[in-house]
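So you can see what is in the structure, the chains are spelled out below.
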Amino acid sequence: MLPLSGGRLRALVARLALEPGRVVSAEALMDAIWGEGLPANGANALQALVSRVRRVVGAAALEGRAPGYVLHVGEPDVDALRFERLAALGRERGDATLLREAEALWRGTALDGLRDARFADAAAVRLEGLRLAAAEERLALELAAGGEVLGELEPLAAAHPLAERLQGLLIRALYAAGRQAEALAAYDRTRDALADELGIDPSPELAGLRTRLLRQDEVLAPRRRGNLRARLNGFVGRADELAGLRALMDEARLVTVVGPGGVGKTRLAVEAAAGLDVRDGVWLVELAAAEAGDVATAVLRAIGTREAGLLEAAAHDAAWRLAEYFAEQRAVLLLDDCEHVVDAVAVLAERLVAECPGLRVLATSRESLGVPGERLFPLGPLGEAATELFAERARAVRPDFRPEAEAGVVAEICRRLDGLPLAIELAAARLRSMSAAQIAARLDDRFALLSAGPRTAAERHRTLEAVVAWSWEPLTAAERDLATRLAVSPGGVAAAHVADTDLDALSALVDKSLVQHAGDRYRMLETIRSYALARLAESGRADEVTGAHAQFFLALAEDADAALRGAGQLAARALLAAEHENLLAALRYAAGDAAVSLRLVAALFWFWHLRGLPTERTRWTRAALAIPGAPPELAPVAEVLRGLLAYESGAFAEGAALIAKAAPGPGGGALFVIASAFLEGAEARAAAERLSGASGWERGMALLLWPGEEGGRERVAEALREFTAAGERYGLSSALRVHAQFLSRDGDLAGAVDALRRAAVPVGELDVPADAAEVHAELTMALARLGDLAGAGRALARADELAAEVHEPRTAAYVRVAEAELRFAAGDLVASRALLDVVDAAFAGTSLAARARTWTGGFRIMAAVLDGDLAAARAELRACVPDPAAVPAPDLAMVAHAAAALALAEGEAGRAAFLLGAAASLLGGEDRRGYDAPLRPAERARELLGERFAEAYGRGAGLGAAEAVAVFS
């Protein structure tokens, strides 16, 4: 706090502090201090005030520098700047603690006592808006985590009755507290206030919230992040082990629970992790069916994020993407059943722990990972709790079972079974048809050879295998046949896929605890599945059963692929996601069959793209292409797959040639259409023309990917019709985004906003938050250009929420692009420049670096012109387009408009008109997108030149495409 008395001194310091380290002109300072009441000797009066301030802050801190003064203070000295930085960081990271720290910097209202000054009112309104946005973001995070926020939300919502996001949070909080009627009443109040005060209806998001309230949608309940499933039965015993494991996890970031099979490692680890309070959740990754090359991809699938965007090759491997995803998260990664892929898990765990300081890794394995810093938690058999476990499981199958009446027998059973939980549970399941005494007698016979000697881990494993065999032998032929068929499905079997003739056998397997029924799926524990697979191998029927599995899932994948490009898209994607492990198993089982392998890869191609799993896609593509004996009818499929692999490995010409010469044939699915996106020039046009004769999704996508600007509006309109008729959401959203671009060029910003709002609906239904974040970022820019800054702020907040879900730096940077334009439109040039720097840093070293640099350069030029710093604008113009040929025409057109604004500021209206014409040449028509609204270069050039404008503009517009690009060379 500075000891300053007097409003004028405070106004001077406040105005300088809002732009620390930057020169604020004397004219701007005098306007801030006196406004229209400027004294005749204003410069002398300003100097006198400066002298008084220097006596407080020191002469070095307040420097005179033409054309005004600069205050040398750092961010820690200016609460407003510290608040903005902390709030931005908290929002980007989804960190409620940072947001609360930012809010704690406030003492009263913004620029209290200075609001009469023109500069202060606008700055205070902006800061108060950021304060409210920070509070909204923090409350949203705390509400989602199950925090109690009603006490804070109710007075805040009452003070801002028209803030829709805040009202939505209040409604959610009331519903979560069991006050549904009050939640509906809060919606009605908000709807009425919006109608009375603004004459508008609630936003689609708020209206949709009311619908979910009425449906009692479970999505409204606060939920912790993560994917732990509800446990099927109670957790018995192990209280000391549970406390010990949690204590060890507090001390170490990499802990491995080690012990023999069936000892309960998974259940203990899940129970320990479920009780942890971690901001970003607990993620269980089941690795029993994984191969060494699948470990990182299996983790990506489990956490539900993508490795790369649609139609993007992965710039790095899956492990790199995981390190990026978890870099700033506080989460627990539970890697289960690691023993058969222990080396791959060790490499991944060591990397993640080293690069992600907030991540803890908990593994279960029969052996240690052998990673530096790993702490082991050995788990042995159950002690006294073994009898308690037997009793609980026994009561589940025989409610009248009284363990106290047979305590000795139960204790003997548990001793014979070495206290192994899985063995005890299997034995307890036999109480349906046997007494406890009979079970003990059978165990005496079966385990006589195992009773002597030390009980090593190997001996305990033999005990467990013997118990599984004991449960297996009484099975009927039908039950064994079904069990072996279930065993080849590592992802379990959906109830819908169980034949009517198998229902009795399935029910018997569930009753005998050999199969678990969870939700709509039937699964085997891995120990039992391994035993069943061994019996299948002994029977000589392994090829027959695995071949039938591959054929079944090939048919499922091909049917789902067709549905994935139509109205059944959501159901088809959910089906493929649920059957993911089984589909990978089908690919493994088809390792010797080129036809099945190629057809499976082609059928999964679009799904892999939608899920963003290029590593998995390329791995199985290479495997399929390596199998000899592909039938001739699948040669085009193989050719296109080889072309895509070549293209993605950097051999662009070779890849394009292979793709171009492959005529579409059977078994291709989406493959041929998507592959055409990697072609250019005449080859791209030929492919598009060849595909344009198709219908539905294929034709819509071909029209959308058609090269060149000519006829673009008509093609996009036709693509919209095709996607709408087909009901395919991704294509529809993409076409609407392109449609919005054309509307924006024509100056129909309201139409562009409408198109983007419509685009947000299907991409939201697809649950691809990265793409949805991009749509809301584009909506932010469109609303800002339209002048609806409040609406743009709401769209930006939603874009931030979505970007926070995926932790992709490129997605976050795209949202910052939108925020930079919003700040520019609002006149906050300091914040806009800072965000432009963030964008450049985020895209540096990527394939989009040149394009990002051009875009940010255009806004820097315009900001410098608004600041009157023409030298900085000229320097930026020289630097921002190092290779014009590598930059898309719309971006070059934007720089041309920025350069035109600079030319006007330099008194060269004729050159400005020429540049505006060059922009029109690049776009194929006048650029009316509105990003340059604060400068109005086209309107001002027309006003200055009058009739001469048309001639100068025409010279630029008459340039050919190459000539227009050459303007920037």
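Residues numbered from 1 in each chain as written. Predicted model: local features only at pLDDT ≥ 70, side-chain atom pairs only at ≥ 80, totals over all residues. Heavy atoms only, no water.

The protein is annotated in an unreviewed UniProt entry as SARP family transcriptional regulator from Actinorhabdospora filicis. Recorded in UniProt under Sequence similarities (unreviewed entry), the annotation for the protein is "Belongs to the AfsR/DnrI/RedD regulatory family." (UniProt positions renumbered as here; feature names shortened; annotations may be inferred.)

For the protein, the helix and strand inventory stands at 47 helices and eleven strands. With the principal axes as the frame, the protein shows a C-alpha extent of 110 × 70 × 55 Å. Counting across all 969 residues of the protein, residues that qualify as buried make up 52%. Of the roughly 41,000 Å² of accessible surface on the protein, a fraction of 53% belongs to carbon and sulfur atoms. Each charge class in the protein can be summarised by its mean position, and for the 108 positive and 135 negative side chains these summaries are 2 Å apart. (Helix = DSSP H or I, 4+ residues; strand = E, 2+ residues; numbered from the N terminus. Buried < 20%, exposed > 50% of the residue type's maximum accessible area, 1.4 Å probe, protein only. Areas by Shrake-Rupley, 256 points an atom, 1.4 Å probe, with all protein chains shown as cover. Lys, Arg positive; Asp, Glu negative; His and termini not counted. Charge placed at Lys NZ, Arg CZ, Asp CG, Glu CD.)

Within the open sheet, the three strands sit side by side as β1-β3-β2. Their pairing is antiparallel. Either end of the sheet is taken by a strand with one partner, and the two such strands are β1 (24-25) and β2 (62-65). In the sheet, β1 pairs with strand β3 (residues 68-71) via two bridges, with the strands oriented antiparallel. Looking at β3, one finds that S25 is bridged to G68. Across the sheet, helix α3 (residues 42-57) touches β2 and β3, and the angle it forms with β2 is around 145 degrees. (Pairing = 2+ DSSP bridges. Contact = heavy atoms within 4.5 Å. Axes fitted to C-alpha atoms, helices over the stretch in contact; angles between N-to-C directions.)

Relative to the helices and strands, I303 resides in helix α13 (residues 295-303). Among all residues touching I303, those that are not within four sequence positions of it are W283, L322, Y325 and F326.

What follows is about the packing of aromatic side chains. By the definition in use, this model includes nine aromatic pairs. Relative to F859, the ring of F824 lies with its centre 5.1 Å away and its plane at 85 degrees, an arrangement referred to as edge-to-face. Linking F824 in helix α39 (residues 809-825) with F859 in helix α41 (residues 849-867), this pair joins segments that are 35 residues apart in sequence. This pair shows no difference in class: F824 is buried, exactly as F859 is. Grouping aromatic residues by their ring pairs yields a cluster made of W606, W697 and Y730. Here R535 stacks its cationic end above the ring of Y531, 4.2 Å away from the centre of that ring. Positioned over the ring face of W620 is R619, at 4.6 Å from the centre of the ring. (Phe/Tyr/Trp six-rings, centres within 6.5 Å; stacked < 30°, edge-to-face > 60°. Lys NZ or Arg CZ within 6 Å of the ring centre and 35° of its normal.)

Now for the pattern of salt bridges. For the structure shown, the criterion picks out 55 salt bridges. In this structure, E698 engages R565 in a salt bridge whose closest nitrogen and oxygen atoms are separated by 2.3 Å. With a gap of 133 residues between them, E698 in helix α33 (residues 696-704) and R565 in the loop between α24 (542-563) and α25 (569-578) connect regions that are remote in the sequence. A relative accessible area of 21% means that E698 is categorised as partly exposed. Here R565 falls in the buried class, since its relative accessible area comes to 11%. The closest approach of N and O atoms between R699 and E718, which form a salt bridge, is 2.8 Å. Linking R699 in helix α33 with E718 in helix α34 (residues 712-726), this pair joins segments that are 19 residues apart in sequence. Several salt bridges converge on common partners, so that one network encompasses D837, D840, R853, R860 and E876. (Salt bridge = Lys/Arg side-chain N within 4 Å of Asp/Glu carboxyl O.)

Pairing is antiparallel in the open sheet, where three strands are placed in the order β9-β11-β10. Only two strands of the sheet have a single partner each, and these edge strands are β9 (493-494) and β10 (516-518). As paired elements, β10 and strand β11 (residues 521-523) share three bridges and run antiparallel to each other. Counted as the bridge partner of A518 is R521 from β11.

A few words now on helix α12 (residues 265-274). With seven of ten residues buried, α12 lies mostly within the body of the structure. Restricting attention to buried positions, one finds in α12 the residues K265, L268, A269, V270, E271, A272 and A273. For α12, the secondary structure elements touched by its buried residues are α11 (239-251), β4 (254-258), β5 (282-286), β6 (331-336), β7 (359-365) and β8 (375-378).

On to the packing of α39 against helix α40 (residues 829-843), then. In the contact formed by α39 and α40, the axes pass within 8 Å of each other and the chain directions differ by 160 degrees. What the angle tells us is that α39 and α40 run roughly antiparallel. Once α39 is placed against α40, the crossing between them reads as left-handed. Here R810, A813, Y814, R816, V817, E819, A820, R823 and F824 of α39 come into contact with α40, specifically with L829, A831, S832, L835, L836, V838, V839, A842 and F843. (Parallel < 35°, antiparallel > 145°, perpendicular 65-115°, else oblique. Left-handed = near helix turned anticlockwise from the far one by under 90°.)

Looking now at the environment of K512. Structurally, K512 is set in the loop between α22 (503-511) and β10. Overall, the relative accessible area of 29% leaves K512 in the partly exposed class. As a C-alpha pair, K512 and L426 span 86 residues in sequence and 7.2 Å in three-dimensional space.

Another point: the nonpolar core. Counting 165 residues, the largest nonpolar core has L287, L322, F326, L333, L335 and L369 as its most contacted members. Broken down by element, the residue count for this core peaks at twelve residues, all from helix α27 (residues 594-611). Setting aside its immediate chain neighbours within four residues, L322 contacts A296, V299, L300, I303, L348 and L352. Grouped together as the second largest cluster of nonpolar side chains are 47 residues, L362, A385, A386 and A440 included. (Core = buried A, V, L, I, M, F, W, Y, C linked by side-chain atoms within 4.5 Å.)

Take the packing of α13 against helix α15 (residues 342-355) next. With their axes 9 Å apart at the nearest point, α13 and α15 run at an angle of 60 degrees to one another. Facing V295, A296 and V299 of α13, the residues of α15 in contact are A344, V345 and L348. Counted by class, the contact of α13 with α15 contains six nonpolar, no polar and no charged residues. (Nonpolar A, V, L, I, M, F, W, Y, C, P; charged D, E, K, R; others polar.)

Tracing the backbone shows E479 in helix α21 (residues 477-487). By relative accessible area, E479 is classed as buried at 8%. Ignoring anything within four residues of it in the chain, the contact list for E479 reads A505, A508, L509 and K512.

This part takes up the side chain of H580. Within the fold, H580 resides in helix α26 (residues 580-589). In this structure, H580 is in contact with R301, F607, W608, L613 and E616, ignoring residues within four places of it in sequence.

So, on to the pairing of β5. Along β5, four of the five residues are buried, which leaves the element largely enclosed by surrounding structure. Where β5 and β6 come together, five bridges link them in parallel fashion. Directly across from V285, in β6, lies its bridge partner L335.

Structurally, H160 can be placed in the loop between α7 (150-159) and α8 (164-176). Not counting residues up to four positions away in its chain, the partners in contact with H160 are L132, L166 and Q167.

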